[in-house]
Amino acid sequence: MKPDFISPATVMRFHRALLAHYDQAARDLPWRRDKDPYRILVSEFMLQQTRVETVVRYYEPWLERFPSLLALAEANEDEVLKAWEGLGYYRRARNLHQAARIIVESHSGSVPMDMEELRALPGVGEYTTGAVASIAFDIPTPAVDGNVRRVLARFFDEERPGPAWLRGVARETLSRDRPGDWNQALMELGSTVCKPRSPRCDRCPVSSWCAAYALGTVDERPASPKRREVKKSVVTLAVFHCKGEVFLQRRPDSGLLAGLWAFPESGHEIASAYAVHLGLRPMGEHTALPPVEHRFTHLHVRYEPTMLEVDRDEKVGGDGERGRWVGLDDLEDLALPVAQRKVFESCLEHLE
Ligand code: SF4
């Protein structure tokens, strides 16, 4: 259905039914308790590619650790990454940190109300701009995420809702009186009722006007995109230890787990040869630690760690930039990717 054909009467009924449902049934999520723009910004960064149930566990501890934009802007990157540990997609944490610094330096410490200024912040795309602007500032602008796309495609029986169609329909159906609530109501409907599989049309507040429901096409709307193939890879890790410390390297600034501390990848070399390559002296036998499987979005990695005691030259890893020695007790305070933390835990078990 084209946006031009959406009748004002349909839009009005859609608004009335969905907002009434939202007022009565919206989940009590911690970021919905006030309209503080910083809190909304944090929630929207965390919610990118992450389920609500997961974000709920991280949201309040984050705000206790960084209660304001200024506190976040003044933190160093390692503290920020540590607080984000476990949420994944660490680029979001870096972007949020950078955004806080820009807001403090260039916007007097207040999240900008201007849509272009908001959109110019790192990590803030079209969706996040719309969400923050409408929820925090009541600016009448849509916020279209995957849930909203699915609800609109079904409600208007659109098989392939492309960006232009979505923009048009989202703008046309937006509630001018309550834009923030409207955007959240659509997202809420998508995540609790109009789910990708087995939508609960029998208890949907807008089923009376839903075109896909009437036409029996709900399961085909929107048409599924072609699945991207998940690649597989095996990564060998060298876990060098020396006098109660382990050796970590900072990963490259771009690519997978960019900039995070991790055990070195030894590639095709065995751990002892790689140790020599780094200027370390192998001291004992290799110990194979249990492999760790980890699934990234389109990559399945099997980490195969090997532990090796070494003697160290003080200069190796001394600058802290690309390599550093970390005491086993101090590793708790460092942000480690999930799979690396599992490797660290089995390393600890072996050393104890
Ligand atoms: S009636 Fe079914 S398909 Fe239509 S909006 Fe409601 S849950 Fe989604």
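For clarity, every value in this text was computed on a predicted model and none was experimentally measured.

**Let's talk about the overall build of the chain**
No. 1: A tally of helices and strands in the chain yields 14 helices and 8 strands.
No. 2: Projecting the C-alpha coordinates of the chain onto the three principal axes gives extents of approximately 80 × 45 × 30 Å.
No. 3: Looking at the 352 residues of the chain, the share that counts as buried comes to 49%.
No. 4: Put simply, of all contacts in the chain between residues at least 6 apart along the chain, 68% involve residues at least 24 apart.
No. 5: The averaged location of the 52 negative side-chain charges in the chain is 7 Å from the averaged location of its 47 positive side-chain charges.

**Structural notes on the environment of valine 56**
No. 1: Note that valine 56 resides in helix H3 (residues 52-65).
No. 2: Here the alpha-carbon distance between valine 56 and serine 43, two residues 13 residues apart in the chain, equals 9.0 Å.
No. 3: When sequence neighbours within four positions are dropped, the list of residues in contact with valine 56 reads Leu29, Pro30 and Trp31.

**A closer look at the site of the ligand**
No. 1: Within the structure, the ligand sits among Arg154, Cys194, Cys201, Cys204, Val206, Ser207, Cys210, Tyr213 and Val218.
No. 2: According to the grid-proximity analysis, the pocket containing the ligand is the largest cavity.

**Considerations on the packing of aromatic side chains**
No. 1: The final tally for this structure, using the stated rule, is 8 aromatic pairs.
No. 2: With a centroid separation of 6.4 Å and an interplanar angle of 80°, the aromatic rings of phenylalanine 14 and phenylalanine 156 are classed as edge-to-face. Note that phenylalanine 14 is positioned in helix H1 (residues 8-25) and phenylalanine 156 in the loop between helix H9 (146-155) and helix H10 (163-173), a separation of 142 residues in sequence. Phenylalanine 156 matches phenylalanine 14 in its accessibility class, with the two residues each being buried.
No. 3: Arranged with centres 5.4 Å apart and planes meeting at 85°, the rings of tryptophan 62 and tryptophan 84 form a pair that is edge-to-face. On the criterion of sequence distance, the pair formed by tryptophan 62 in helix H3 and tryptophan 84 in helix H5 (residues 77-84) is long-range, its members being 22 residues apart.

Reading guide: rules and limits
Residues numbered from 1 in each chain as written. Predicted model: local features only at pLDDT ≥ 70, side-chain atom pairs only at ≥ 80, totals over all residues. Heavy atoms only, no water. Helix = DSSP H or I, 4+ residues; strand = E, 2+ residues; numbered from the N terminus. Buried < 20%, exposed > 50% of the residue type's maximum accessible area, 1.4 Å probe, protein only. Contact = heavy atoms within 4.5 Å. Lys, Arg positive; Asp, Glu negative; His and termini not counted. Charge placed at Lys NZ, Arg CZ, Asp CG, Glu CD. Near = heavy atom within 4 Å. 1 Å grid on protein atoms, 1.4 Å probe; cavity = no way out; pocket = protein on both sides within 12 Å on 5 of 7 lines; lining within 4 Å. Sits in = over half its atoms within 2 Å of the grid points. Phe/Tyr/Trp six-rings, centres within 6.5 Å; stacked < 30°, edge-to-face > 60°.

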